[in-house]
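# Structural features, examined
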Amino acid sequence: MSIRVAVVGASGRMGREVVKAVLGADGIELVATVDVVNIGEEAGSLSGLAACGVFVEESLETALARGNVDALVDFTIPTSAMANIETSVRHKVPAVVGTTGLTPADVETIRGWSAEFGTPVFIAPNFAIGAVLMMQFSQQAAKYLPNVEIIEIHHERKLDSPSGTALRTAELIRDSRESSPLPSPANPIEKVAGARGAEFGEVHIHSVRLPGHVAHQQVIFGGTGETLTIRHDSFDRVSFMPGVIVAVRKVRDLTGVVIGMENIL
Ligand code: NAP
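For the structure given in this document, a descriptive report is provided here. Along each chain, the written sequence defines residue order, and numbers are assigned to residues from 1. The predicted origin of the model limits local features to residues at a pLDDT of at least 70 and limits the giving and counting of side-chain atom pairs to 80 or more, whereas totals for whole chains, interfaces and linings rest on all residues. As a convention, hydrogens and water are excluded, and side-chain values are obtained from all of the structure's heavy atoms.

Looking at the secondary structure, you find Ser 47 in the loop between α2 (43–46) and β3 (56–57). For Ser 47, a relative accessible area of 6% corresponds to the buried category. Residues count as neighbours in contact if any of their non-hydrogen atoms are within 4.5 Å of one another. Not counting chain neighbours up to four residues away, the residues in contact with Ser 47 comprise Arg 16, Val 19 and Lys 20. Working definition: helices are DSSP H or I runs of at least four residues, strands are E runs of at least two. Numbering for both runs from the N terminus. The classification of residues rests on relative accessible area computed with a 1.4 Å probe and restricted to protein chains. Under 20% of the type maximum is buried, over 50% is exposed, and intermediate values are partly exposed.

Glancing now at the site of the ligand. If a single non-hydrogen atom of a residue is within 4 Å of a molecule or strand, that residue counts as near it. Near the ligand lie 23 residues; those nearest to it are Met 14, Ser 80, Thr 100, Ala 124 and Phe 127. Side-chain atoms alone can form a polar contact between residues adjacent in sequence; in general such a contact is a pair of N or O atoms within 3.5 Å, and within protein one must be able to donate a hydrogen while the other accepts it. Contact between the ligand and Gly 98: a nitrogen atom at 3.1 Å from a main-chain N or O atom of the residue. Three residue categories are used. Nonpolar comprises Ala, Val, Leu, Ile, Met, Phe, Trp, Tyr, Cys and Pro, charged comprises Asp, Glu, Lys and Arg, and polar comprises the others, including Gly. Within the shell around the ligand, the residues separate by chemical class into 10 nonpolar, 9 polar and 4 charged.

It is worth spelling out helix α7 (residues 164–176) at this point. Here α7 is 13 residues long and its end C-alpha atoms lie 18 Å apart, about the 18 Å a rise of 1.5 Å per residue gives. Check the buried side of α7 and you find it contacts α6 (129–142), β7 (148–154), β8 (198–200), β9 (203–209), β10 (215–222) and β12 (257–259). Multiplying one less than the number of residues by 1.5 Å gives the expected span of a helix.

The next subject is the pairing of β7. Buried residues dominate β7, accounting for 5 of its 7 residues. Where β7 meets β10, 7 bridges bridge the pair, whose relative direction is antiparallel. By the bridge assignment for β10, Val 148 is matched with Phe 221. Here, strands pair whenever DSSP counts at least two bridges between them. As defined by bridge partners, β7 adjoins β9 across 6 bridges and the pair is classed as parallel. Each bridged residue has a counterpart across the sheet, and for Glu 149 the counterpart in β9 is His 204.

Here it is in structure tokens:
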């Protein structure tokens, strides 16, 4: 029997790509699309494909109340995502969450909902396989090269910064370092505030927002007389789709809240 999926944020850049991926995947069926814009429009046509008979609707509650959804995919904005996840979990519909910008406190709240209703939730800051490998390689390199900075580049309409991928990379680096990085200079002359970027887990993160980009990251390690740069580029949102489809196939078998593609591949 196929997995029946609802896509929330279906009118957005990622949502449209997810609709296409779900329509093209074997054993997965699109049964609902929800957004706050393009309500009443046909979801297949909206995504540039042939009509599939699923129309964008406004209320996730109404969509899930029909009782025919096996898994939800959310690519919206953090404030909306929290409400959508709560609704999904309450309806016992496992959720795949791609929306970034959720805080650690948000994740704790989601853990509480997931435990209360016994509904799994999968959250990935990045669904692209190359990005997952970039994070793993960075984690490995940080054991030997503790001095590292991240430059992440995204399209100009991205709402959150730093990116969820950069924060997750910094977290993994922090957890795997076996020695401390060299301290930042004691009296840095930062002639322009923020020139050294933001700091998270003793990793400086620089966020660039420019038209023409999708999602890109460089993790630059500095050693004695050498550097190592690990770089990943998503040139097209289609790069995230194999990961989304894997997550849709696996989310029902997870327990509680699972974070990161590396944990389900
Ligand atoms: P986007 O184009 O702005 O799409 C978000 C869509 O969700 C918009 O149509 C938005 O409507 C809609 N929306 C807002 N609130 C909603 C609600 N309550 N119910 C239903 N729909 C709602 O953004 P995007 O570029 O697709 O990115 C979406 C999210 O995915 C962002 O958080 C981004 O960082 C993340 N992302 C994750 C990955 C990953 O691999 N995890 C990769 C790329 C992007 P309005 O336009 O009216 O607000």
